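If you want the building blocks of each chain, they are given just below.
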Amino acid sequence: MTGMVGKAINGLGILCNEIGVLYTHTGCAYGCTFCSSPPFLKGTGQRVPLHEIIRVLDAYQSAGIDSIKIMDLTFLDNRAHSDLVISEFEKRGMQWMCMTRVDKLLGRVKELEERGLYFALLGIESLNNKSLDAMRKRESREMCLEILEEIKANNMWVNMAYMIAQPEDTAQSIRDEIDMLCRYHLGVYQFNVITPYPGTAMFEEYKHRILDQDWRHFDGKHLVWKHPSLSPDDVQRVLVYAYIRSNTLYKRIRPVPRFYRFKRKYATQERRGIAFPQPAQQID
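Heads up: these notes are all about the structure in this document. (Residues numbered from 1 in each chain as written. Predicted model: local features only at pLDDT ≥ 70, side-chain atom pairs only at ≥ 80, totals over all residues. Heavy atoms only, no water.)

Considerations on the state of the cysteines
Then step 1. As enumerated under the stated definition, the model contains zero disulfides in all.
Then step 2. Cys28 takes part in no disulfide bond, and the closest cysteine sulfur to it belongs to Cys35, at a distance of 6.2 Å.
Then step 3. A relative accessible area of 16% means that Cys28 is categorised as buried. (Disulfide = S-S within 2.5 Å. Buried < 20%, exposed > 50% of the residue type's maximum accessible area, 1.4 Å probe, protein only.)

Here we look at the nonpolar core
Then step 1. Ile68, Phe89, Trp96, Ile124, Ile164 and Phe191 are the most contacted members of the largest nonpolar core, which totals 65 residues.
Then step 2. The residues contacting Ile164, other than those within four sequence positions of it, are Asp169, Ile174, Phe191, Asn192, Val193, Ile194, Val235, Val238 and Leu239.
Then step 3. One finds Met97, Tyr118, Phe119 and Trp157 within the second-largest nonpolar core, a separate group that totals five residues. (Core = buried A, V, L, I, M, F, W, Y, C linked by side-chain atoms within 4.5 Å. Contact = heavy atoms within 4.5 Å.)

Thoughts on the packing of aromatic side chains
Then step 1. Taken as a whole and judged by the stated rule, the model has eight aromatic pairs.
Then step 2. Both rings, one in Phe119 and one in Trp157, keep their centres 4.4 Å apart while their planes meet at 25°; by these two values the pair is stacked. Here Trp157 lies in the loop between helix H8 (141–153) and strand S6 (158–164) and Phe119 lies in strand S5 (residues 117–125), a separation of 38 residues in the sequence. Both residues of the pair, Phe119 and Trp157, belong to the buried class.
Then step 3. Note on Tyr162 and Phe191: the rings are 6.2 Å apart at their centroids and 75° apart in plane angle, and the pair reads as edge-to-face. Here Phe191 lies in strand S7 (residues 187–193) and Tyr162 lies in strand S6, a separation of 29 residues in the sequence. We note that Tyr162, like Phe191, is buried.
Then step 4. An aromatic cluster is present here, built from Tyr162, Tyr189, Phe191 and Tyr243 joined pairwise through their rings.
Then step 5. Positioned above the aromatic ring of Tyr241 is the side chain of Arg175, whose terminal nitrogen or guanidinium carbon lies 5.7 Å from the ring centre. (Phe/Tyr/Trp six-rings, centres within 6.5 Å; stacked < 30°, edge-to-face > 60°. Helix = DSSP H or I, 4+ residues; strand = E, 2+ residues; numbered from the N terminus. Lys NZ or Arg CZ within 6 Å of the ring centre and 35° of its normal.)

As for the side chain of Asn159
Then step 1. With respect to the helices, strands and loops of the structure, Asn159 is situated in strand S6.
Then step 2. Excluding residues that lie within four positions of it along the chain, Asn159 makes contacts with Phe119, Ala120, Leu121, Leu122, Val188 and Gln190.

Overview of the pattern of salt bridges
Then step 1. This model, assessed by the stated rule, comprises 21 salt bridges.
Then step 2. When the shortest N-O distance is used, the salt bridge between Arg47 and Asp77 registers 4.0 Å. In this pair, Arg47 is assigned in the loop between helix H2 (37–41) and helix H3 (50–62) and Asp77 in the loop between strand S3 (67–70) and helix H4 (79–92), connecting sequence segments 30 residues apart.
Then step 3. Glu88 is the partner of Lys91 in a salt bridge, and the nearest nitrogen-oxygen pair spans 3.0 Å. Taken together, the residues span about one helical turn, with Lys91 and Glu88 both in helix H4 at a distance of three residues.
Then step 4. Here the residues in one salt-bridge network are Arg79, Asp83, Glu90, Arg108, Glu111 and Arg115, joined through shared partners. (Salt bridge = Lys/Arg side-chain N within 4 Å of Asp/Glu carboxyl O.)

Brief notes about the side chain of His227
Then step 1. Examined against the element boundaries, His227 turns out to sit in the loop between helix H10 (201–206) and helix H11 (232–246).
Then step 2. Polar contacts involving the side chain of His227 include one to the main-chain carbonyl oxygen of Gln166, which spans 2.7 Å.
Then step 3. There is a polar contact of 3.1 Å between the side chain of His227 and the backbone nitrogen of Leu230. (Polar contact = N/O pair within 3.5 Å; in protein donor to acceptor, adjacent residues only side chain to side chain.)

Focus: the environment of Phe75
Then step 1. Positionally, Phe75 belongs in the loop between S3 and H4.
Then step 2. By relative accessible area, Phe75 is classed as buried at 2%.
Then step 3. Discounting chain neighbours no more than four positions away, the residues touching Phe75 are Thr24, Ile70, Ser82, Val85, Ile86, Trp96, Cys98, Met99 and Thr100.

What to know about a nonpolar patch on the surface
Then step 1. A grouping of Val21, Tyr23 and Met71 is seen on the molecular surface, where their side chains present a nonpolar patch of about 270 Å² in accessible area.
Then step 2. For Tyr23, the location among the structural elements is in the loop between strand S2 (20–22) and H2.
Then step 3. On the basis of relative accessibility, which here comes to 48%, the residue Tyr23 falls in the partly exposed class. (Patch = residues over 30% accessible without salt bridge, like charges linked within 9 Å, V, L, I, M, F, W, Y side chains within 5 Å. Areas by Shrake-Rupley, 256 points an atom, 1.4 Å probe, with all protein chains shown as cover.)

Take a look at the structure:
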């Protein structure tokens, strides 16, 4: 809904949300059991050389783009490299958003917000230590609660991913966790049902419990395996509760002033394509 409103306003020439995408690193070194990225990416990837990142940022700047969406799975993973990238944003007065982990953002929200971070995508996934350990998240309930408090204290806007229907969950425990999470007014709440996607470590663990073979239901919104205490209908009810409870009008409107930028010269400037200089060095 917010995106539709933003596009409509952009069409009037009032606001601008021109975003340049950027990769600073490929792959992921963590191997969470539910994630389908490692089986496709085949490895931990590599850092993009800083001179290549500078080339892209210069092209974006020349085209008038001052907002960057970092597409890495875990930006901030390598602090030395990510700090160099952020310094390049600062030189150009660019704001930026990224996907990252609880343990990499913890203790840095205020610092990074002051350096241009205005939106983070954060996978908390669970507040149950047993579930977090089973998913190999390498994080804890205590860390998750600490980052939530830090985000709230700094009024940061985030997209939080959270998984429901963990083996330890009940309908009431899920509602209790949703109620608690909603008190943080994070911005976007992305609730998904635990789904064992083929190729993941979770699929190997759950494959003998899969009851629903309809691949259309492997969308993060259906319970496709036999849960100890929840039926598919139970999960549908708590999922609806989660989205109704979390997506209030206030939460949808609050981030608009931060997320959309007022147009400067764009109203009269003819839009032009982005001319990227030839790379100095190709990445193998």
